[in-house]
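A structural walkthrough
Below, each chain spelled out in residue letters.
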Amino acid sequence: PQLVLAVHGTDFLNRDIVRGYGSVHLPTIPGAHELEVRMFRPVSSSKLQQFIGWINGTPAEYVETKRPAMPSGREVTRVESTGMVKIKINIVTRNMKQFGYSIPVSTNNHPLRF
């Protein structure tokens, strides 16, 4: 399973724009976890398109918000880094075998960090 993020914000004219996208695989081990997600956003292919997007308040963004989690097509997308997001999450492994996941048995009581 994956967690896909799309972070939105406002520009100087209070228009809603995308600040970044990111995705991370969720651990299948029960317990508390701290995940770091690298965020990025697509960049227009030319300076003219960037300028027009800035004037209109419509910078380059993905039409499909699941795109950051898809492996195909990434190599042709121009992106820039926009930072990191830290996520603290608790995982419960109820009915995991029903969905085809095998659950490893942890020998220590310390949470794993990815």
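The preceding data block contains the structure.
Right, let's walk through the structure included here. (Residues numbered from 1 in each chain as written. Predicted model: local features only at pLDDT ≥ 70, side-chain atom pairs only at ≥ 80, totals over all residues. Heavy atoms only, no water.)

On to the side chain of H33, then. By the secondary structure assignment, H33 is in strand 3 (residues 31-42). Residue classification places H33 among the buried residues on the basis of a relative accessible area of 4%. A polar atom in the side chain of H33 sits 2.7 Å from the backbone oxygen of I29. (Helix = DSSP H or I, 4+ residues; strand = E, 2+ residues; numbered from the N terminus. Buried < 20%, exposed > 50% of the residue type's maximum accessible area, 1.4 Å probe, protein only. Polar contact = N/O pair within 3.5 Å; in protein donor to acceptor, adjacent residues only side chain to side chain.)

Turning our attention to unusual backbone geometry. The phi torsion at N14 lies on the positive side, around 65 degrees, for a residue other than glycine. Mapping N14 onto the fold places it in the loop between strand 1 (2-10) and strand 2 (16-25).

Another aspect to go through is the nonpolar core. Counting six residues, the largest nonpolar core is built from L5, V24, L35, V37, M39 and I87. The dominant element in this core, judged by the number of residues it contributes, is strand 3, at three residues. (Core = buried A, V, L, I, M, F, W, Y, C linked by side-chain atoms within 4.5 Å.)

Turning to the layout of surface pockets, a few remarks are in order. Estimates place the volume of the largest pocket at around 330 Å³. Lining the largest pocket are 17 residues, and of these R41, Q50, W54, P59 and A60 sit closest to its centre. Among the elements of the structure, strand 2, strand 3 and helix 1 (47-56) are those that each provide at least two residues to the lining of the largest pocket. Class assignment of the residues belonging to the lining of the largest pocket gives a composition of eight nonpolar, four polar and five charged. (1 Å grid on protein atoms, 1.4 Å probe; cavity = no way out; pocket = protein on both sides within 12 Å on 5 of 7 lines; lining within 4 Å. Points joined across faces, edges and corners; volume = space filled by probe spheres on them. Nonpolar A, V, L, I, M, F, W, Y, C, P; charged D, E, K, R; others polar.)

Below, the discussion takes up the environment of V92. Secondary-structure assignment places V92 in the segment after strand 4 (79-91). Among the residues examined, V92 registers a relative accessible area of 68% and is labelled exposed. Along the sequence, V92 and A32 sit 60 residues apart, while their C-alpha atoms lie 9.2 Å from each other.

Right, let's get into the environment of R41. Inspection of the secondary structure puts R41 in strand 3. Counting along the chain gives 21 residues from R41 to G20, while the straight-line C-alpha distance between them is 4.7 Å. Excluding anything up to four places from it in sequence, R41 contacts V18, R19, G20, Y21, R78, V79, E80 and T82. Among the polar contacts listed, one links the side chain of R41 to the side chain of E80, at a separation of 2.7 Å. (Contact = heavy atoms within 4.5 Å.)

Its location among the elements puts D11 in the loop between strand 1 and strand 2. Exposure remark for D11: the relative accessible area of 16% places this residue in the buried category. A distance of 2.8 Å separates a polar atom in the side chain of D11 from the backbone nitrogen of R15.

A word on the pairing of strand 2. Here strand 1 runs beside strand 2; their pairing, made up of nine bridges, is antiparallel. Its bridge partner being in strand 2, Q2 is matched across the sheet by H25. (Pairing = 2+ DSSP bridges.)

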